[in-house]
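Report on the structure
Given next are the chains, with one letter for each unit.
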Amino acid sequence: MKASRVRSTVFTLVLLSASVAIMAASARVQVDTNRDVRLAVIDARTPAADREALHRTLAAKMSFTMSQRSGDAVRVRPVEVKPRDARSQLEAGGCDAVLVLDDDRPAVLRRGNAIALCGALDPETGRQQVYLILGVTDPALRDLLVGAFSALVADRVFLKKLQSGVAYADLVAAQ
């Protein structure tokens, strides 16, 4: 009789912990899409005339991917910043992620409690490194950003058009 009570208690505890885990997992997939995702951009390579269009194009691609995955419209707003400002904004919650368009991450962004992803905007040669640096943020938003960045660097058709100088409006319209 005691063994059946122990089994019953263990079974109840397992069901209770599974319910809590399911509730916690479902709470994580909610992303606040009422505000823009703030993307700080550090761009050390692009000529000044092309910077804004490139940043808007990359942000639009990430926005498109995030919107598809979340089911809601997600806007990604890029703002160009200096490396020190990017780190302080990331740590203070002033931005959600930092996109670095440079051959290497700035030294100030190599330290700290952050996740860094790396890719290339020219997939055939592996040149034009791009990094996405994420702070400790909302897990659902972090997962959306990771998925959007992965899709960005994996989309060879998009990157070839980007390299060939297709206009920003044409790239966004193709999405």
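Above: the structure in question.
What comes next concerns the included structure. (Residues numbered from 1 in each chain as written. Predicted model: local features only at pLDDT ≥ 70, side-chain atom pairs only at ≥ 80, totals over all residues. Heavy atoms only, no water.)

This paragraph deals with the side chain of Thr57. Along the chain, Thr57 turns up in helix 2 (residues 48–70). Classification of Thr57 by relative accessible area gives buried; the value is 4%. A distance of 2.7 Å separates the side chain of Thr57 from the backbone oxygen of Ala53, its partner in a polar contact. (Helix = DSSP H or I, 4+ residues; strand = E, 2+ residues; numbered from the N terminus. Buried < 20%, exposed > 50% of the residue type's maximum accessible area, 1.4 Å probe, protein only. Polar contact = N/O pair within 3.5 Å; in protein donor to acceptor, adjacent residues only side chain to side chain.)

With that settled, the discussion passes to the sheet that holds strand 4 (residues 115–122). Reading across the sheet, the 5 strands line up as 2-1-3-5-4 and stay open at both edges, with mixed pairing between neighbours. Strand pairing shows two members of the sheet lacking a second neighbour, strand 2 (76–80) and strand 4, which therefore form its edges. Neighbouring strand axes in the sheet, compared pairwise and without regard to direction, differ in orientation by 25° on average. Examined bridge by bridge, strand 4 and strand 5 (residues 127–134) share 7 bridges and lie antiparallel to one another. Counterpart to Cys118 in the pairing with strand 5 is Tyr131. Contacts between helix 2 and the sheet are confined to strand 1 (37–43), strand 2, strand 3 (97–101), strand 4 and strand 5, with strand 2 contributing the most and set at about 150° to the helix. Where helix 4 (residues 139–154) meets the sheet, it contacts strand 1, strand 3, strand 4 and strand 5, and its direction lies at approximately 175° from that of strand 5. (Pairing = 2+ DSSP bridges. Axes fitted to C-alpha atoms, helices over the stretch in contact; angles between N-to-C directions. Contact = heavy atoms within 4.5 Å.)

Taken as a whole and assessed by the stated rule, the structure comprises 9 salt bridges. A salt bridge links Glu80 to Arg51; its shortest N-O distance comes to 2.6 Å. Of the two residues, Glu80 is situated in strand 2 and Arg51 in helix 2; the sequence distance between them amounts to 29 residues. With relative accessibility at 41%, the residue Glu80 sits in the partly exposed group. (Salt bridge = Lys/Arg side-chain N within 4 Å of Asp/Glu carboxyl O.)

Secondary-structure assignment places Lys61 in helix 2. You can call Lys61 buried: its relative accessible area is 6%. Taking the C-alpha atoms as reference points, Lys61 and Val76, separated by 15 residues in sequence, lie 9.0 Å from one another.

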